[in-house]
Structure formats: structure tokens, C-alpha cells
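So the chains spell out like this:
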Amino acid sequence: MHSTKSTVWYISHSSDYFCLDLSIKTMSAYDWVTDILVVYTDDEKPSQMGELTKKYFPKVTEKWQSYGHGFDRSVAEGGFDEVKCRNEVIAWAREFGNEFLIQCDADEFFTPQLGEILDYMIRDNIQKVVSLSHYPFVSPCIYVWDTSCMRGVMHDPHIRVWRKTDEVWYHGTHKNRKNNTQDCSVNHNKGEMVFYEPNPCHIHLHDMIGSKVNPSRNSLDKFGIDYKVIDPSIMPQHYIEAFVARLKNEN
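What you see is a predicted model; the values in this text were computed from it and never measured.

So, the overall build of the protein chain
Item 1. On a plain count of helices and strands, the protein chain comes out with five helices and 14 strands.
Item 2. Its C-alpha atoms give the protein chain a radius of gyration of 18 Å, within 12% of the compact-globule value 18 Å for 251 residues.
Item 3. Its C-alpha atoms give the protein chain principal-axis dimensions of roughly 45 × 45 × 40 Å.
Item 4. When contacts within the protein chain are restricted to residue pairs at least 6 apart in sequence, those whose partners lie at least 24 apart make up 73%.
Item 5. Accessible area of the protein chain: about 12300 Å², with a carbon and sulfur share of 51%.
Item 6. Distance between charge centres in the protein chain, computed from 27 positive and 35 negative side chains, equals 2 Å.

Written out as C-alpha cells, the structure is:
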């Protein structure tokens, strides 16, 4: 039993509802996840809003707030303001009062190892933000390894976890893009104080399930790209079933 309390927050569009449901099914089962905040960014209030709250009561809270639409145009022209959206959702997530905030996308989940990391940080008073290696899966036991994404021992690291008291905010980093809020990055008040976890903990399913699947982007023709195999027990059963259903629909 974990004594650690955390809030997992999602920014999502109703088109990602299928993946979002699977992710919340995973994350809500952890005793170290106390609350889950879902913020929909559709132009209009989603018809299914409230269903996840009922399904995973009492952990889930759903909100809706439009922040524009699309990265093909600037924020001034009505494009999606990712920076404003993420920063406002962080502020809302802090209001739950839990020790840790965890940012999760609809097509992702975290393994039980994250709960062990949070316990360790509490026990040893580790005052750092947490950067996790990013593991993109194409099947329940196969993930993509891209040497161009290596940063030391980390594979495509992302800061996804911090304490509620940390000053963590997003900012735009791509000034030359039409919408310079796309793929925004984290600023934090810890400086170089980062806890790095290279082991499979942050699981990304962009190319395994859902409407965004595009296996061709992971072509082995690219230098430095490889597939690696892992024990399939890392994958919750409902994801395996979703993967099999996707394959059946394609054939």
C-alpha cells in the first residue's frame, strides 16, 4: 500500500476518447493515484463529458475549456494555444492538494514503477522534478529504439512528474513555426535538479492503438532505428485486447 498521493492530469480532445478511457482505466487502479483531472479542449463541449467521472468515480474530474484549434495557424488566428492550456491545467491540478502532479497523454500510461519512484522520493526527501525515458510501443511487447533520441542513458526523456509546490510551467520553443506553442517545453525552478529514470516506466502507444497509428514512421530503413522486445506482462490486458481488435479491423 502506497501512502503517496498524486494527481494525474490529461489534456485531451474527444477524438482521443477511446485511448483516454484505456489510460484512465490503468492509472485509476493505482493506489498512489488519488485524483485524475481530464480537460477537454474541443471547440464545443463534448457529448461524452461526464462519462469517465461516472465510470471511474470518485477519482476522475472532467472539465471543458476551448483554447483554439489546430497547429496549422497561429494562436492569434485561432490556433490551439498549447502553452496557455497546459499552464492553466497545471494550476487546476494543484488545487487537488496532492503531493505530486503527473502529466499523462491519452495514448500513454505509466507502469507501477512510477509509484515506487514517488515513494522513494518521499522517503529520502528527493526534491527534484522527474524525467522519464519515453518508450514508444508498436505492439504489446515490441517498442522502437531510436539512437538519435538518446540523451546519455535516457531515451527521448520527458519531464512528466513534479511536486505541487514546484514552479513548473510550459513555454514555446519553436519561434519559426506557424503556431509557436506546438511541442512546448517545461521550465522549472529546480535548475539541474532532475531525477532521471531510464527504465520502462513511461509507455507511449501512439503507434499501437487508436486513430493515430502510423507504423510506417518507425521504418527500420532509417539509420539508428531498431525494434526491441520486452516481457509483455508490462502491458495491461485491456491494451492487449485493444491491439488485437485493431489488427482484426485492419484485416
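Quick word on the packing of aromatic side chains
Item 1. As enumerated under the stated definition, the model contains nine aromatic pairs in all.
Item 2. Measuring from ring centre to ring centre gives 6.1 Å for Tyr135 and Trp145, while their planes differ by 50°; the resulting arrangement is tilted. With Tyr135 in strand E6 (residues 129–139) and Trp145 in strand E7 (residues 142–146), this pair connects stretches of sequence that are 10 residues apart. Each member of the pair, Tyr135 together with Trp145, is buried.
Item 3. Judged by centre distance (5.5 Å) and plane angle (45°), the rings of Phe137 and Tyr143 are tilted. By the burial criterion, Phe137 is buried, and Tyr143 matches it.

Considering the environment of Tyr135
Item 1. A residue is classified by how much of its surface remains accessible, and Tyr135, at 5% relative accessible area, is buried.
Item 2. Taking C-alpha positions, Tyr135 is 8.1 Å from Asp156, a pair spaced 21 residues apart along the chain.
Item 3. Once residues lying within four places of it in the same chain are set aside, the contact partners of Tyr135 are Tyr143, Trp145, Pro198, Asn199, Pro200, His202, Ile203 and His204.

Digging into helix H3 (residues 82–94)
Item 1. When the terminal C-alpha atoms of H3 are compared, their 18 Å separation across 13 residues agrees well with the 18 Å that a helix rising 1.5 Å per residue should span.
Item 2. Considered for burial, the residues of H3 that qualify are Glu82, Val83, Cys85, Arg86, Asn87, Val89, Ile90, Ala93 and Arg94.
Item 3. The inward-facing, buried residues of H3 abut strand E1 (6–12), strand E2 (33–40), strand E4 (100–103), strand E10 (158–163) and strand E11 (168–171).

Considerations on the packing of helix H1 (residues 17–27) against helix H5 (residues 237–250)
Item 1. With their axes 9 Å apart at the nearest point, H1 and H5 run at an angle of 155° to one another. By the angle between their axes, H1 is roughly antiparallel relative to H5. Facing Phe18, Cys19, Leu22, Ser23, Lys25 and Thr26 of H1, the residues of H5 in contact are His238, Tyr239 and Ala242.

A closer look at the environment of Ile234
Item 1. Within the fold, Ile234 resides in the loop between strand E14 (225–229) and H5.
Item 2. Considered as a pair, Ile234 and Thr111 are 123 residues apart in the sequence and their alpha carbons are 7.3 Å apart.
Item 3. Filtering out sequence-adjacent residues up to four positions away, Ile234 remains in contact with Phe109, Thr111, Phe137, Pro140, Pro200 and Ile203.

Re H5
Item 1. Taking 1.5 Å per residue, 14 residues should reach 20 Å; H5 reaches 20 Å between its end C-alpha atoms and fits that length.
Item 2. Among the residues of H5, those classed as buried are His238, Tyr239, Ala242, Phe243 and Arg246. End-on, the buried residues of H5 take up no more than an arc of 145°, which puts them together on one face.
Item 3. Residues of H5 that are buried make contact with H1, strand E5 (108–110) and E6.

Looking at unusual backbone geometry
Item 1. Between Phe57 and the following residue, Pro58, the backbone shows a cis peptide bond with an omega angle of 5°.
Item 2. Along the chain, the position of Pro58 falls in the loop between helix H2 (51–55) and strand E3 (60–64).
Item 3. The backbone of Asn125 shows a phi angle near 50°, a positive value even though the residue is not glycine.
Item 4. Its location among the elements puts Asn125 in the loop between helix H4 (113–123) and E6.

Examining the pattern of salt bridges
Item 1. Scanning the model with the defined rule gives 10 salt bridges in all.
Item 2. With a shortest N-O distance of 2.8 Å, Asp21 and Lys55 are connected by a salt bridge. Of this pair, Asp21 sits in helix H1 while Lys55 sits in helix H2, and the two are 34 residues apart along the sequence.
Item 3. Its salt-bridge partner being Glu108, residue Arg160 comes within 2.7 Å of it at the nearest N-O pair. Separated by 52 residues along the polypeptide, Arg160 in strand E10 and Glu108 in strand E5 bring together distant segments of the chain.

Rules used in this analysis
Residues numbered from 1 in each chain as written. Predicted model: local features only at pLDDT ≥ 70, side-chain atom pairs only at ≥ 80, totals over all residues. Heavy atoms only, no water. Helix = DSSP H or I, 4+ residues; strand = E, 2+ residues; numbered from the N terminus. Rg over C-alpha atoms; globule rule 2.2 N^0.38 Å. Contact = heavy atoms within 4.5 Å. Areas by Shrake-Rupley, 256 points an atom, 1.4 Å probe, with all protein chains shown as cover. Lys, Arg positive; Asp, Glu negative; His and termini not counted. Charge placed at Lys NZ, Arg CZ, Asp CG, Glu CD. Phe/Tyr/Trp six-rings, centres within 6.5 Å; stacked < 30°, edge-to-face > 60°. Buried < 20%, exposed > 50% of the residue type's maximum accessible area, 1.4 Å probe, protein only. Expected span 1.5 Å × (residues − 1). Axes fitted to C-alpha atoms, helices over the stretch in contact; angles between N-to-C directions. Parallel < 35°, antiparallel > 145°, perpendicular 65-115°, else oblique. Arc of directions from axis to C-beta. Salt bridge = Lys/Arg side-chain N within 4 Å of Asp/Glu carboxyl O.

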